[in-house]
Amino acid sequence: GAGVSQSPSNKVTEKGKDVELRCDPISGHTALYWYRQSLGQGLEFLIYFQGNSAPDKSGLPSDRFSAERTGGSVSTLTIQRTQQEDSAVYLCASSSTGTRGREQYFGPGTRLTVT
Amino acid sequence: GNSVTQMEGPVTLSEEAFLTINCTYTATGYPSLFWYVQYPGEGLQLLLKATKADDKGSNKGFEATYRKETTSFHLEKGSVQVSDSAVYFCALSLPNTGNQFYFGTGTSLTVIP
């Protein structure tokens, strides 16, 4: 079956512009996660959704970052007034509900470059 | 807090050499432990996992044992191949934090013929 997909694969934007990153999880996966992978910072957790709810938003770096999920499926990560330090690869992952130790399936990522 | 400390890289080995990548963790609870691999130009994929103490995860010749007494989950392979060249990430998850992953910083491995 189809894996996690993300769009766009690459995004170049000017400082101060808003961007939207999209994630399509694996069908039937109720949990969805956003991470950021940047040089020197490793992989950092941003936010997760259980269904359409986001119980934990503590990883969002600032109030310029927001995310939503509709219909328990597609999620959008929005970055407003982008800054150069936002340049990174944004990864989305999804997993099914169930017992502990659930594997997360990762998308290919969106490479964001802020000029 | 919850965190993963991973062996600094990069690591360069000759083909057929023995590989160890160290990983230790700190967790407020009883975590599940994972190794993910990122091959050049590809996304993250699960290599192996273990969900309870003394479990051994294994895949593609790689192994890691969940050691609760030393809070470790070291990755090993007896004989590496050029195709194992990749970045390896150790991670933990906890049910009480939504099973989000806490990742190590990643270890880059290059295997030379």
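Above this text sits the structure in question.
Residues numbered from 1 in each chain as written. Chains lettered and ligands numbered in written order. Predicted model: local features only at pLDDT ≥ 70, side-chain atom pairs only at ≥ 80, totals over all residues. Heavy atoms only, no water.

## Side note on the overall build of chain B
Quick note on the threshold: Starting at the N terminus, helices and strands are each numbered in turn, a helix being any DSSP run of H or I of at least four residues and a strand any DSSP run of E of at least two. Burial classes: relative accessible area under 20% of the type maximum marks a residue as buried, over 50% as exposed, and values in between as partly exposed (1.4 Å probe, protein chains only). What makes two residues a contact is simply this: any of their non-hydrogen atoms within 4.5 Å. Only the protein chains shown count as cover for residues, with accessible areas throughout obtained via the Shrake-Rupley method and a probe of 1.4 Å. Only four residue types enter the tally: Lys and Arg on the positive side, Asp and Glu on the negative side, with His and both chain ends excluded. Note that the charge is assigned to NZ on lysines, CZ on arginines, CG on aspartates and CD on glutamates.
Scanning chain B from N- to C-terminus turns up zero helices and twelve strands. Secondary structure elements in chain B, listed N-terminal to C-terminal, are β-β-β-β-β-β-β-β-β-β-β-β. Along the first, second and third principal axes, the C-alpha set of chain B runs to 45 × 30 × 20 Å. For chain B, with 113 residues in total, the buried portion stands at 48%. Nonlocal contacts in chain B, meaning residues at least 24 apart in sequence, comprise 56% of its contacts between residues at least 6 apart. Just so you have it, chain B exposes about 5,000 Å², and 50% of that area is on carbon and sulfur atoms. Side-chain charges of chain B comprise 7 positive and 10 negative groups, with the mean position of each set lying 9 Å from the other.

## Considering the overall build of chain A
Applied cut-off: Based on C-alpha atoms, the radius of gyration is set beside the globule rule, defined as 2.2 Å times the residue count to the power 0.38.
Looking only at helices and strands, one finds zero helices and eleven strands in chain A. In chain A, the succession of α and β elements from N to C terminus is β-β-β-β-β-β-β-β-β-β-β. Over its C-alpha trace chain A gives a radius of gyration of 14 Å, about what one expects of a compact globule, namely 13 Å for 115 residues. Once the C-alpha set of chain A is aligned to its principal axes, its extents read approximately 40 × 30 × 30 Å. Across the 115 residues in chain A, those meeting the buried criterion constitute 48%. Residue pairs in contact within chain A that sit at least 24 positions apart in sequence constitute 54% of those at least 6 positions apart.

## Description of the interface of chain A and chain B
Worth spelling out the cut-off: The term salt bridge refers to a side-chain nitrogen of Lys or Arg lying within 4 Å of a carboxyl oxygen of Asp or Glu. Two N or O atoms form a polar contact when they lie within 3.5 Å of each other; inside protein one atom must be a possible hydrogen donor and the other a possible acceptor, and for residues adjacent in sequence the pair counts only when both atoms belong to side chains.
Contacts between the two partners involve 14 residues from chain A and, on the opposite side, 18 residues from chain B. Our count for the chain A to chain B interface comes out at zero salt bridges. Counting the contacts that link chain A with chain B gives four residue pairs in polar contact (both at pLDDT 80 or more).

## With respect to the layout of surface pockets
The following threshold applies: Method remark: on a 1 Å grid restricted to protein atoms, a set of points is classed as a cavity if a 1.4 Å probe fits but cannot get out and as a pocket if it is open with protein on both sides within 12 Å along at least five of seven lines; lining residues have an atom within 4 Å of a point. Grid points are joined across faces, edges and corners, and a volume is the space filled by probe spheres set on the points. Here the term charged refers only to Asp, Glu, Lys and Arg, the term nonpolar to Ala, Val, Leu, Ile, Met, Phe, Trp, Tyr, Cys and Pro, and the term polar to all other amino acids, Gly among them.
For the largest pocket, the calculated volume is near 660 Å³. Among the elements of the structure, β4 (31-38), β9 (88-95) and β11 (110-114) of chain A together with β10 (86-93) and β12 (107-112) of chain B are those that each provide at least two residues to the lining of the largest pocket. Considering only residue class, the lining of the largest pocket consists of twelve nonpolar, 17 polar and two charged.

## Overview of the sheet that holds strand β3 (residues 19-21) of chain B
Backbone hydrogen bonds hold the strands of a sheet together, and the pairing may be parallel or antiparallel. All names here are of chain B. Stated formally: By definition, two strands form a pair when at least two bridges between them are found by DSSP. In this description, a line fitted to the C-alpha atoms serves as the axis of each element, helices being fitted only across the stretch in contact, and the angle between N-to-C directions of two axes falls anywhere from 0 to 180 degrees.
Within the open sheet, the four strands sit side by side as β3-β9-β8-β7. Their pairing is antiparallel. Either end of the sheet is taken by a strand with one partner, and the two such strands are β3 and β7 (56-59). Neighbour to neighbour, the strand axes of the sheet diverge by 15° on average, direction disregarded. Direction of pairing for β7 relative to strand β8 (residues 62-65): antiparallel, over a ladder of four bridges. Residue G57 lies in a different strand from β8, and its bridge partner there is A64.

## Examining the environment of Q104(A)
The residue Q104(A) is located in the loop between β9 and β10 (105-106) in this model. The exposure class of Q104(A) is buried, given its relative accessible area of 2%. When the C-alpha positions of Q104(A) and C92(A) are compared, they lie 9.4 Å apart, and in sequence the two are twelve residues distant. Filtering out sequence-adjacent residues up to four positions away, Q104(A) remains in contact with Y33(A), Y35(A), A93(A), S94(A), S95(A), Y36(B), N99(B), Q100(B) and F101(B). There is a polar contact of 2.9 Å between the side chain of Q104(A) and the side chain of Y35(A).

## A closer look at the nonpolar core
Put simply, the rule reads: As used in this record, nonpolar core signifies buried Ala, Val, Leu, Ile, Met, Phe, Trp, Tyr and Cys residues forming a set joined through side-chain atoms within 4.5 Å.
With 28 residues, the main nonpolar core has W35(B), L47(B), L48(B), F73(B), L75(B) and Y88(B) as its most contacted residues. Looking at this core, the elements that each hand over two or more residues are β2 (11-14), β3, β4 (23-26), β5 (32-38), β6 (44-50), β8, β10 and β12 of chain B. Looking at which element gives the most residues to this core, the answer is β10(B), with four residues. For L75(B), the residues in contact, after removing those within four places along its chain, are L19(B), T20(B), I21(B), W35(B), L47(B), L48(B), F62(B), E63(B), A64(B) and Y88(B). In terms of nonpolar packing, the next biggest core, distinct from the first, is built from 19 residues, V4(A), L46(A), L60(A) and A88(A) among them.

## Looking at the sheet that holds strand β1 (residues 5-7) of chain A
Residue and element names in this part refer to chain A. The antiparallel open sheet is built from four strands, whose spatial order is β1-β3-β8-β7. Every interior strand has two partners, whereas the edge strands, β1 and β7 (65-69), have only one. Strand-to-strand twist of the sheet, defined as the mean angle between neighbouring strand axes without regard to direction, takes the value 15°.

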